[in-house]
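An overview of the molecular structure
Below, each chain spelled out in residue letters.
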Amino acid sequence: MQFNKFLRLLFVLLSTVFIISCDKNEIEDGLEDDFDFQNVVSYEFLDSISADEIISRFGGNNLASGFINFDITAHKITYMTANYDGTEVEASGLVLIPVVSGSSKLTSFQHSTLAKDPDPEIDQEARAPSYLPDNNDEIFLSAALFASNGYLISAPDYIGYGSTGDMFHPYEHAQTTATSSYDMLVAAREYAEFLEVKMRTEGDSEVEELYLLGYSQGGNSTMALHKYIEEEHPGEFEIIKSAMGAGAYHKTAVGDYIFNNEGDLGFSIRLYLWVLDTYDRVYLQRGMAYYLKEPFATEVIDKGYFAISSTNPQELFTDDFISEINDPSSEFSAALADNDIHNWKAEAPIKLFHSRDDALVPYFNSVDAFESMNAMGSTEVTLETYVFGGDVDPQDIHGLGGGRFFSDVISNYFRF
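Residues numbered from 1 in each chain as written. Predicted model: local features only at pLDDT ≥ 70, side-chain atom pairs only at ≥ 80, totals over all residues. Heavy atoms only, no water.

**Some points on the overall build of the chain**
Note the following rule: Starting at the N terminus, helices and strands are each numbered in turn, a helix being any DSSP run of H or I of at least four residues and a strand any DSSP run of E of at least two. With the radius of gyration taken over C-alpha atoms, the globule rule is written as 2.2 Å times the number of residues to the power 0.38. Think of it in three bands: residues with accessible area under 20% of the maximum for their type are buried, residues over 50% are exposed, and the middle band is partly exposed, with areas taken using a 1.4 Å probe on protein chains only. Note that accessible areas follow from Shrake-Rupley with a 1.4 Å probe, and for residues the cover is restricted to the protein chains shown. Here Asp and Glu are counted as negative and Lys and Arg as positive; His is not counted, and neither are the chain ends. The atom standing in for a charge is NZ when the residue is Lys, CZ when it is Arg, CG when it is Asp and CD when it is Glu.
Summing up its helical and strand segments, the chain has 16 helices and nine strands in all. Its C-alpha atoms give the chain a radius of gyration of 22 Å, near enough to 22 Å, the size a compact globule of 416 residues would have. In terms of overall dimensions, the chain has C-alpha extents of about 70 × 45 × 40 Å along its principal axes. In the chain, which comprises 416 residues, the share counted as buried stands at 56%. As displayed, the chain has an accessible area near 17,400 Å², and 47% of this comes from carbon and sulfur atoms. With 24 positive and 68 negative side-chain charges, the chain shows a spacing of 5 Å between the two charge centroids.

**Focus: the packing of helix α8 (residues 251-259) against helix α9 (residues 270-284)**
Put simply, the rule reads: Only the stretch in contact is used when fitting a helix axis, every axis being a line fitted to C-alpha atoms; angles between N-to-C directions are given from 0 to 180 degrees. If an angle is under 35 degrees, it is roughly parallel; if it is over 145, roughly antiparallel; if it lies from 65 to 115, roughly perpendicular; otherwise it is oblique. For any pair of crossing helices, the crossing counts as left-handed if the nearer helix is rotated counterclockwise from the farther one by less than a right angle, and right-handed if it is rotated clockwise. Throughout, a residue-residue contact means that at least one pair of heavy atoms, one from each residue, lies within 4.5 Å.
Relative orientation of the contacting elements α8 and α9 amounts to 125 degrees, with a least axis distance of 12 Å. Between α8 and α9, the crossing angle belongs to the class labelled oblique. Seen from above, α8 lies across α9 with left-handed handedness. Contacts between α8 and α9 involve Lys 251, Val 254, Ile 258 and Phe 259 from the first element and Tyr 272, Val 275, Leu 276 and Tyr 279 from the second.

**As for the packing of α8 against helix α15 (residues 364-375)**
Here α8 crosses α15 at 155 degrees, and the two axes come no closer than 10 Å. Accordingly, the angle class assigned to the pair α8 and α15 is roughly antiparallel. Classified by chirality, the crossing of α15 by α8 is right-handed. Facing Ala 253, Val 254 and Tyr 257 of α8, the residues of α15 in contact are Phe 364, Asn 365 and Asp 368.

**Here we look at the environment of Ala 143**
Topologically, Ala 143 is positioned in helix α5 (residues 137-148). In the structure, Ala 143 is positioned 34 residues away from Phe 109 in sequence and 7.4 Å away in space, judged by C-alpha atoms. Each residue touching Ala 143, except ones within four places of it in the same chain, is listed here: Leu 96, Phe 109, Glu 138 and Ile 153.

**What about the pairing of strand β2 (residues 72-82)?**
The side chains of a regular strand alternate, residue by residue, between the two faces of the sheet. Here is the rule: Between any two strands, at least two bridges found by DSSP are needed for them to pair.
Counting buried positions along β2 yields eight of 11 residues, so the element is predominantly enclosed. When strand β1 (residues 40-49) meets β2, the two strands line up antiparallel, connected through eight bridges. Among the inter-strand pairings, Phe 45 is bridged to a residue of β2, identified as His 75. When β2 meets strand β3 (residues 88-98), the two strands line up antiparallel, connected through 11 bridges. Within the sheet, the bridge partner assigned to Thr 78 lies in β3 and is Ser 92. Hairpin connection, β2 to β3: the antiparallel pair is bridged by five residues, and Gly 86 has positive phi, about 90 degrees.

**Here's the deal with the confidence of the model for the chain**
Basically, it comes down to this: For every residue, the predictor reports its confidence as pLDDT, a number between 0 and 100.
Taken as a whole, the chain shows an average pLDDT of 92; of its residues, 92% reach a score of 70 or greater. Scored below 50 in pLDDT, residues 14-24 makes five contacts in the model with residues more than four places away or belonging to other chains.

**Regarding the nonpolar core**
Put simply, the test is: Buried Ala, Val, Leu, Ile, Met, Phe, Trp, Tyr and Cys residues form a nonpolar core when they are joined through side-chain atoms within 4.5 Å.
Among the nonpolar cores identified, the biggest contains 44 residues, and Met 223 and Ile 350 are the most heavily contacted of them. Looking at this core element by element, the count peaks at 11 residues for helix α6 (residues 174-194). Beyond its immediate stretch of four places on either side in the chain, Met 223 contacts Met 244, Tyr 249, Ile 341, Trp 344, Ile 350, Leu 352, Ala 369 and Met 373. Membership of the second largest hydrophobic core comes to 40 residues, among which are Tyr 158, Ile 269, Tyr 291 and Phe 317.

**Let's talk about α5**
Selection criterion: Whenever two N or O atoms come within 3.5 Å, that pair is a polar contact, provided that in protein one can donate a hydrogen and the other can accept it, and provided that, for residues adjacent in sequence, both atoms are side-chain atoms.
Taking burial as the measure, the 12 residues of α5 include 10 buried ones, the bulk of the element. Listing the buried residues of α5 in full gives Glu 138, Ile 139, Leu 141, Ser 142, Ala 143, Ala 144, Leu 145, Phe 146, Ala 147 and Ser 148. The backbone nitrogen of Glu 138 lies 3.1 Å from a side-chain oxygen of the residue at the head of α5, namely Asn 136. Downstream of α5 by one or two residues, Gly 150 has phi in the positive range, about 110 degrees.

**As for the packing of aromatic side chains**
The condition is simple: Pairing of aromatic side chains requires ring centres within 6.5 Å, counting the rings of Phe and Tyr and the six-membered ring of Trp. Pairs whose planes differ by under 30 degrees are stacked, by over 60 edge-to-face, and all others tilted.
Scanning all chains against the criterion turns up 35 aromatic pairs. Taken together, a centroid distance of 5.5 Å and an interplanar angle of 75 degrees make the contact between Tyr 182 and Tyr 228 edge-to-face. Of this pair, Tyr 182 sits in helix α6 while Tyr 228 sits in helix α7 (residues 217-232), and the two are 46 residues apart along the sequence. The exposure class assigned to Tyr 228 is buried, which follows from its relative accessible area of 15%. For the pair Tyr 290 and Tyr 291, a centre-to-centre distance of 4.9 Å together with 90 degrees between the ring planes defines the contact as edge-to-face.

**Concerning the side chain of Ser 242**
The topology assignment puts Ser 242 in strand β7 (residues 238-245). The contacts of Ser 242, once residues within four sequence positions are left out, are Leu 212, His 226, Pro 349, Ile 350, Lys 351 and Tyr 413.

**Some remarks on the sheet that holds strand β5 (residues 151-156)**
Pairing within the open sheet is mixed, and its nine strands lie in the order β1-β2-β3-β5-β4-β6-β7-β8-β9. The open sheet terminates on both sides in strands that have one partner only, identified here as β1 and β9 (381-386). Between one strand and the next, the sheet's axes are offset by a mean angle of 20 degrees, whatever the strand orientation. Of the pairings in the sheet, the one linking β3 to β5 comprises four bridges and is antiparallel in character. Across the sheet, residue Gly 93 finds its bridge partner in β5, namely Pro 156.

**A short note on the pattern of salt bridges**
The condition that has to hold: The salt bridge criterion pairs a side-chain nitrogen of Lys or Arg with a carboxyl oxygen of Asp or Glu, the two atoms within 4 Å.
Considering all chains together, one arrives at nine salt bridges under this definition. As a salt-bridge pair, Arg 57 and Glu 53 come within 3.1 Å of each other at their nearest N and O atoms. Note that Arg 57 and Glu 53 are positioned in helix α3 (residues 51-57) at a spacing of four residues, about one turn of the helix. Between Arg 281 and Asp 277 there is a salt bridge, with the nearest N and O atoms lying 3.4 Å from each other. With Arg 281 and Asp 277 both in helix α9 and four residues apart, this pair spans about one turn of that helix. The class for Asp 277 is buried, based on a relative accessible area of 7%. A network of salt bridges, in which partner residues are shared, links Arg 189, Glu 208 and Glu 236.

Quick look at the structure:
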């Protein structure tokens, strides 16, 4: 049996210690001679991870071990995509490839929020997928688990991380998130083709089957990506299932919930300031001083969103901005509405997961998506609600929901 390019490349990269006179770049160049990359700008082999190593990460948990079937390899790729201002940037992401004899299930895995902050104690740039971080459980545990179960993982860093780490991250801007994740997926597919990794296709066609998943920001990103694929590239992939956990899909309702709240929110408002700043940069260019009263505007401008010292919207926001929020015809309301992704007709199956008492990303986001998308004739949109007991700290509910989400998706939703 002949080795395909994937195994040849892996063998060469793992064996260079024994081949002193061999230049790894020359070998990789030789493998590229007969392949014309259209989407991948660069690639880098990162690591080979055994199934036993992945099992050890879960502490021998029998439930997790039952889904760990294959060794995997990790790769970083870069690709071109459009930023929110239309400029082309070289973005990056992680590809996890299961070492299987048959075909893999192509999967786009969108990560949750990673802080960007001038304070290195807060900043989480190093947790982006393409760094293959061991301090990001979504990648170290969940993505590795899915890959070892036969899913070929495409995990975009998003613009603002990885190779674009010096750029602003347009947090939850639906269009930029969708296009950068899609372009990563296309590049990951091309990279797999280069390595002659077989991907499962729909019936007798050559169209790859596709799974999508993500939690929190990743849930919002997954919804944006699914919508973009169906509306802009309907024949490119055959979406089999999408799993979305605790995403903020209904931005206009979220805006009313956050900015008109009376009294303390009970959680930090910093992530919503990031969304606000994103929409200002993309649509309005007014600057944070328009939205925030002093001294809060100076706090955020000088030290970032995570320095905000109040959780009371009535203390934070200017009267002019609150008036805009309550005017459906205002420019900021239009920006929020442009990022509503709860109200469209989906052809491929979607399952929403959300904790009823999630305060950080309110439950109504998934309820509104479930009701609106079904009312618009979607093929199959379902909702699973998590309920935690009264002994659970409300601050922990969003995170606990994430753990249940990844477990339920691999053990039930994607499986059956």
